[in-house]
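A look at the structure
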Amino acid sequence: MALLQISEPGESAAPHEHRLAAGIDLGTTNSLVASVRSGVAETLPDIDGEHLLPSVVRYRDSGAPEVGKTALAAATTDPLNTIASVKRLMGRGVEDVKHVGTHMPYAFVEGESNMPLLHTAAGNISPVEVSADILRVLKARAEESLGGELQGVVITVPAYFDDAQRQATRDAGRLAGLNVLRLLNEPTAAAVAYGLDRESGGVTAIYDLGGGTFDISILRLKRGVFEVMSTAGDSALGGDDFDRAVAGWIMQQAGIRDDAGHHQMRRLMHVARDAKEALTAASATGVTVALDDDRNWSGELTRAQFDTLVDPLIRKTLSPCRRALRDAGIRAKDIEAVVMVGGSTRVPRVREKVGGFFGMEPLADIDPDKVVAVGAAIQADILAGNKPEDEMLLLDVIPLSLGLETMGGLAEKIIPRNTTIPTARAQEFTTFKDGQTAMSLHVVQGERELVSDCRSLARFELRDIPPLVAGGARIRVTFQVDADGLLGVTAEEQTTAVKSSIEVKPSYGLSDSEIETMLKDSMAHAQEDMQQRRLREQQVEADRVLEALRAALAEDGDRMLDAGERAAIDVAALHLESVRGGSDNRAIREAIAAVEKASAVYVERRMNNSIRQAMAGHRIDEFEQKGEN
Amino acid sequence: MAVDLSSTHFGLFGLPQSFTVDLAQLDSRYRELQRAVHPDRFVNASDQERRLSMQQATRVNEGYQVLKDPLRRGRYLLELTGYTFNDEHHTTSDAAFLMEQMELREALGEVRAAADPFAALGSVIDRVTSDFDGLAGDLQALLEADETDHDAVADTLMKMQFFRRLDEEAQELEAALEDELD
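Residues numbered from 1 in each chain as written. Chains lettered and ligands numbered in written order. Predicted model: local features only at pLDDT ≥ 70, side-chain atom pairs only at ≥ 80, totals over all residues. Heavy atoms only, no water.

**Considerations on empty space enclosed by the protein**
- Evaluated as defined, the whole model comprises 4 cavities of 30 Å³ or more.
- Considered as a void within the structure, the largest cavity measures approximately 100 Å³ in volume.
- Lining the largest cavity are 13 residues, and of these Leu549(A), Ser599(A), Val603(A), Ser46(B) and Glu49(B) sit closest to its centre.
- When the residues that make up the lining of the largest cavity are grouped by side-chain class, the tally is 7 nonpolar, 3 polar and 3 charged. (1 Å grid on protein atoms, 1.4 Å probe; cavity = no way out; pocket = protein on both sides within 12 Å on 5 of 7 lines; lining within 4 Å. Points joined across faces, edges and corners; volume = space filled by probe spheres on them. Nonpolar A, V, L, I, M, F, W, Y, C, P; charged D, E, K, R; others polar.)

**Thoughts on the interface of chain B and chain A**
- Tallying the contact residues gives 47 residues for chain B and 52 residues for chain A.
- Interface of chain B and chain A: buried area, both sides summed, is about 4,400 Å²; carbon and sulfur atoms make up 53% of it.
- The closest approach of N and O atoms between Asp40(B) and Arg182(A), which form a salt bridge, is 2.3 Å.
- Between chain B and chain A we count 8 residue pairs in polar contact (both at pLDDT 80 or more) in total.
- Among the elements of the structure, α2 (23-37), α3 (47-68) and α7 (150-181) of chain B are those that each provide at least two residues to the side of chain B that touches chain A.
- Per-element accounting of the side of chain B that touches chain A gives the leading share, 14 residues, to α3(B).
- For the side of chain B that touches chain A, a count of residues per class yields 18 nonpolar, 14 polar and 15 charged. (Contact = heavy atoms within 4.5 Å. Buried area = accessible area lost by both parts, 1.4 Å probe. Salt bridge = Lys/Arg side-chain N within 4 Å of Asp/Glu carboxyl O. Polar contact = N/O pair within 3.5 Å; in protein donor to acceptor, adjacent residues only side chain to side chain. Helix = DSSP H or I, 4+ residues; strand = E, 2+ residues; numbered from the N terminus.)

**Notes on the sheet that holds strand β25 (residues 474-481) of chain A**
Residues and elements named next belong to chain A.
- Across the sheet, which stays open at both edges, the 4 strands sit in the order β22-β25-β26-β27 with antiparallel pairing between neighbours. At either margin of the open sheet sits one strand with a lone partner, and together these are β22 (423-430) and β27 (498-499).
- One ladder, built from 8 bridges, connects β22 with β25; its direction is antiparallel. Each residue of the ladder has a partner; that of Gln427, found in β25, is Val477. (Pairing = 2+ DSSP bridges.)

**Some thoughts on the environment of Leu318(A)**
- Along the chain, Leu318(A) turns up in helix α8 (residues 303-328).
- You can call Leu318(A) buried: its relative accessible area is 12%. (Buried < 20%, exposed > 50% of the residue type's maximum accessible area, 1.4 Å probe, protein only.)

**Remarks on the pairing of strand β16 (residues 284-290) of chain A**
Residue and element names in this part refer to chain A.
- Of the two faces of β16, the one holding Thr285, Val287 and Val289 is buried and the one holding Ala284, Gly286, Thr288 and Ala290 is not buried anywhere.
- Direction of pairing for β16 relative to strand β17 (residues 296-302): antiparallel, over a ladder of 7 bridges. What sits directly across from Val289, in β17, is Trp297.
- Between the end of β16 and the start of β17, which pair antiparallel, lie 5 residues, with Asp294 showing a positive phi angle near 65 degrees.

**Comments concerning the pairing of strand β26 (residues 487-493) of chain A**
Residues and elements named next belong to chain A.
- Residue alternation in β26 divides its side chains into a buried set, Leu487, Val489, Ala491 and Glu493, and an unburied set, Gly488, Thr490 and Glu492.
- The pairing of β25 with β26 spans 7 bridges and is antiparallel. Residue pairing in the sheet places Val477 in a bridge with Ala491 of β26.
- Connecting β25 to the next strand, β26, in antiparallel fashion are 5 residues, including Gly485 with a positive phi near 85 degrees.
- Here β26 runs beside β27; their pairing, made up of 2 bridges, is antiparallel. Bridge pairing links Glu493 to Val498 in β27.
- Between β26 and β27, which pair antiparallel and follow one another directly, the connecting turn spans 4 residues, one of which, Ala497, has a positive phi of 55 degrees.

**Some thoughts on the packing of aromatic side chains**
All names here are of chain B.
- Per the stated rule, a full pass over the model turns up 8 aromatic pairs over all chains.
- Residues Phe162 and Phe163 carry aromatic rings whose centres are separated by 5.3 Å and whose planes lie at 70 degrees to one another, so their mutual orientation is edge-to-face.
- The class for Phe163 is buried, based on a relative accessible area of 3%.
- Connected via pairs of aromatic rings, a cluster forms that spans Phe97, Phe162 and Phe163. (Phe/Tyr/Trp six-rings, centres within 6.5 Å; stacked < 30°, edge-to-face > 60°.)

**Regarding the packing of α2(B) against α3(B)**
Residues and elements named next belong to chain B.
- One way to put it is that α2 packs onto α3 with a least axis distance of 9 Å and a crossing angle of 175 degrees. As summarised for this structure, α2 and α3 are arranged roughly antiparallel, according to the angle between their axes. For the pair α2 and α3, the contacting residues are Leu23, Leu26, Asp27, Tyr30, Leu33, Gln34 and Val37 in the first and Ser53, Gln56, Ala57, Val60, Asn61, Tyr64, Leu67 and Lys68 in the second.
- Tallied by class, the residues present in the contact of α2 with α3 amount to 9 nonpolar, 4 polar and 2 charged. (Axes fitted to C-alpha atoms, helices over the stretch in contact; angles between N-to-C directions. Parallel < 35°, antiparallel > 145°, perpendicular 65-115°, else oblique.)

Structure representation (structure tokens):
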């Protein structure tokens, strides 16, 4: 072991503050939290040594909800208050629940914003709040293990998640008091965990069959850059369906009727899961279920029978595999590695079929339950700034096309799926009435032609359009998708340069005011008042601005600024420093704005300079190569 | 002294403004640029820098998409000359092209009824690809001629656009046929 650490010349001598960061796999069945400690990414266990937290929350009429194993244990006795597989409900609408929730025993009520609420002993709870309750437990676990407050987290989502589902996940993080640095696609996280970016590279398929979702992603890895070439999947297919297939078989064999009660169904699912897990190693397993009339039914399930039951489900995963290959413009033989993710890939038949499809033995060395959290932790560590020299960069794509509703209920694509994000597309619209000052846009996500076959994302109301003759106004609407895959819309009338104000009505998500209310409620519990929280948020932002500025000035302030520009920035920064410690949240906000204004030109110059440097470096390399020849 | 970054996609990527693009070079410059501007590099920066980073990364992505694709690249080069291109109102009187267009549409329409739909579709896609590539060659010659015939360029782009659309339809049909197998 090295006793002395010798730093490279040019490397900062000042001790770098290690920021506590974690990766969270918010799964359908289980959730995990992982962090990089002493250079090693590992999942963090709870007090009992358990790494997996069952994604189950039980609400009671008083006290905090139970999360995890104790909640799972109560699932059979208290099914209506015990929420499992809530991930399937994230970003979903009331009418989706009729489909998705067919097998969910919960009592749904309609919420204000078309979001299904779960009626429980603790009141009506949104899926976002249930997820936030899971995240809070993981946050507490991480902060306990790491011995400090988390500065930022990366939360993983299925690559196939649409905008509403991603937004709901981000909202859950916010509700749980987490600083979400990035939403990361689960398959990308898995590739990071395997360190595939460190290798020579190539095209990799990530086959992720979890409890409730299936994703296939084709990634190209090249010199530290991960590029998602395509993604496909099924957000309502997973290991739970395997259990259901086995449960169906048991019901048929044991003569249990289709209208069995909640308790009976839960028991059956439990027995089915045990049988499935036993068949990973064994070629046959005994199955026993208690019947309603106090008798037991016993039988035997062989591996061959099990394979027949799950084959149709596995086949259902191969269709998205073909689609992903086609979208990436490659054939199965071009794939250089297949990575297995998700507990359901322990099923030998899955490995066999997937291996057969891609023509190679899949990679499964890292625990398929932990691999996503481990990758998220590595990414969180880099994003938090703990490895400034790391070259890794993830380039993601938008999984589903974004479209606008046009005449006749047709969807016109504005951003096609698999476009690398961030991305933007501007489109011009005009008014069709004299003096028209408002306009409505309906944004949908999906590949189908009819709006009714796509998912409704949001309706945008454009207001304050200057009144002009019909066809006279030219409104340029810009759809911007950020690096998390979330959509933002801005609009400007071109002839007058008047910005339109936009009101967003998310079709399924929570509005900002609803989140604000929930935050307030949860604050009440935490006995911390809203005012204080806002102040703290402003102080954190002030620190971030000052720290970034200081680092930038130290690096190139002398080169890029003349004395006058530098003085203006220093004055603004000094002022921010002086108000930062105070308790006036507005004064801090204004001082931040003043610093941003004073340094706007500088920030832009730095960005342009970094682009130039990136290009200049190349030219020099090529020149030198030519010189050698 | 400074490179004008607001200029063109070619300028941004430090490539000569020409239809011929070294794709390997484009690829590696794309990655270099994203390493410099991508939002992941700015998660701890101020809101202002994060906004700017998103805008720049968006521009780099857009430029990459345009330069990578011969059709979009050709169209972009034509637009840089100030030529306004109007898809909907542009028509051609090229009889051979119109005939090819009809035949391919017909062939695509008959795929489902074929004894081996995948083979039939495969031969349509091969023909569409070779037509497209042939036109891309024409486009290169036109754009790199001493005196560019803008109308001829626009005409070629329109034809390429047609084959591109046909290719997309063929891909969708392939997806639909595969889904029906499951």
